[in-house]
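Inside the fold
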Amino acid sequence: MNGNIRIGNLFGIPFFINPSWFFVLALVTWSYGSGLTQFPELTGITPWLLGLVTALLLFSSVLAHELGHSFVAISQGIPVKSITLFIFGGLATLEKESETPLQALLVAIAGPLVSLLLFGLFTLVATTAPLTTPIQAIISLVAYINLILAAFNMIPGLPLDGGNVLKAIVWKVTGNPNKGVIIAGRVGQVIGWIAIALGILSVIGVSQVGSIWTLLIGTFLLQNAGFAAQSATVQDKLSQYTAEDAVIADSPIVSNHLSIREFVNNYVIGKERWKKFIVVDENQQLLGSITTEDFKQIHTSDWNDVYLTELVKPVPEADIIAADTSLLEAAKLFETTQTRELIVVSGAGKVLGLLEKASIIKLMTEQENIKNKSAIESAQEEEKAIIN
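Rules of the game
- Residues numbered from 1 in each chain as written.
- Predicted model: local features only at pLDDT ≥ 70, side-chain atom pairs only at ≥ 80, totals over all residues.
- Heavy atoms only, no water.
- Axes fitted to C-alpha atoms, helices over the stretch in contact; angles between N-to-C directions.
- Helix = DSSP H or I, 4+ residues; strand = E, 2+ residues; numbered from the N terminus.
- Parallel < 35°, antiparallel > 145°, perpendicular 65-115°, else oblique.
- Left-handed = near helix turned anticlockwise from the far one by under 90°.
- Contact = heavy atoms within 4.5 Å.
- Nonpolar A, V, L, I, M, F, W, Y, C, P; charged D, E, K, R; others polar.
- Phe/Tyr/Trp six-rings, centres within 6.5 Å; stacked < 30°, edge-to-face > 60°.
- Buried < 20%, exposed > 50% of the residue type's maximum accessible area, 1.4 Å probe, protein only.

Let's talk about the packing of helix α2 (residues 46–75) against helix α4 (residues 133–153)
The packing of two helices is summarised by the inter-axis angle and the distance between the axes. At a minimum axis separation of 10 Å, α2 and α4 run at an interaxial angle of 30 degrees. Relative to α4, α2 is oriented roughly parallel. Between α2 and α4 lies a crossing whose hand is right-handed. When α2 is examined against α4, the residues L50, T54, L57, L58, S61, V62 and H65 are found in contact with a partner set consisting of I135, I138, L141, V142, I145, N146, L149 and N153. Of the residues contributing to the contact of α2 with α4, the split by class is 10 nonpolar, five polar and no charged.

Structural notes on the environment of F11
By secondary structure assignment, the location of F11 is in the loop between β1 (5–10) and β2 (13–17). Sequence spacing of F11 and L67 is 56 residues, and the spatial spacing of their C-alpha atoms is 9.2 Å. Ignoring anything within four residues of it in the chain, the contact list for F11 reads L67 and F71.

Observations regarding the packing of helix α1 (residues 20–36) against α2
With their axes 7 Å apart at the nearest point, α1 and α2 run at an angle of 130 degrees to one another. Taken as axis vectors, α1 and α2 run oblique relative to one another. Taken as a pair, α1 and α2 cross one another with a handedness that is right-handed. Seen from α1, the contacting residues are W21, V24, L25, V28, T29, W30, Y32, G33, S34 and L36; seen from α2, they are P47, W48, L50, G51, L52, T54, A55, L56, L58 and F59. Considered class by class, the residues forming the contact of α1 with α2 number 15 nonpolar, five polar and no charged.

Some thoughts on the packing of aromatic side chains
By the definition in use, this model includes nine aromatic pairs. Seen from their ring centres, F263 and F295 are 5.9 Å apart, and the 80 degrees between their planes marks the pair as edge-to-face. Taken as a pair, F263 in helix α8 (residues 260–268) and F295 in the loop between β7 (286–291) and β8 (320–322) lie far apart in primary sequence, 32 residues in all. Ring geometry for F295 against W303: centres 5.4 Å apart, planes inclined by 85 degrees, an arrangement best described as edge-to-face. Like F295, the residue W303 is buried in the burial classification. Members of the aromatic cluster, joined through ring pairs, are F263, Y267, F277, F295 and W303.

Here it is, written out as structure tokens:
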């Protein structure tokens, strides 16, 4: 999984660590260990050991944050693929999206709520428990970091939790989850650019706000927010069309009343595109399929007397799709199954043709070209109007 190291399972959820995490672990250990050397009672390697403990507590807090998202998702019947710790924190990868805006909102806010709970818990321990000064400093620091973690994640831009909150709100208002992702993704890109600018200004000494980490985090936000917005834009376009819209025009549909000789002469000889054909009756109802290998077992002398209806094979239900199914759902089927083609059937059971990944891409490309052509023509008309 992208070079990630699997550590084990947490509550049945696969747990991974990205190699970049070890760099941050060492950096945080060194940073906090150096700070603890100010306490005279800490001698030898003790400050560094406590620095390591602090780093582990911080990452444990990040892990708890991600578990918060995961447990709420699981309560909604959404499987969690994995939880991964990496250089910028943690990531819970869900099998699918929530079904309603409210459910999406609950998953989004679960992580920050866990961080706020940890902030309160560590603050309570730091202020009431009889701790030594160094330990109290560590607990107070972990409490503060959890507060920062909750606040930072509520910034309203993807891929942060606040971006998912914004996505849920836009989804509720518009009724379109993809619109929510697009808007939250764009906001995330703006925030990413701002962070990059602050980071650069800080590095060259122009600004006191930001650091090299601000630059790196900004880059991370920009890339992920852009990817989310782009993906949602594609999904939004796919959701506007149905399987019927992308049916292959010359789909290999043949009548069961054809003899093998007629079939070979009309559809096979000199035509090498199709190796598999959809067999229908006189009412265009699906009977099954046949391949060019199926009739080879029949002696050529019998080809005039054997009809396709005798060779037809049933089509698996999973390879049949309703004509009014959105292309987004069809695309998901291609991604989640081994299916290479789907047979599109109307509500009345009439076979309309085949649907492939390539035919979906072709339709989207054609629509984009039409859109671009229309935009150019509109611009030309505006230019003519200005000149006149």
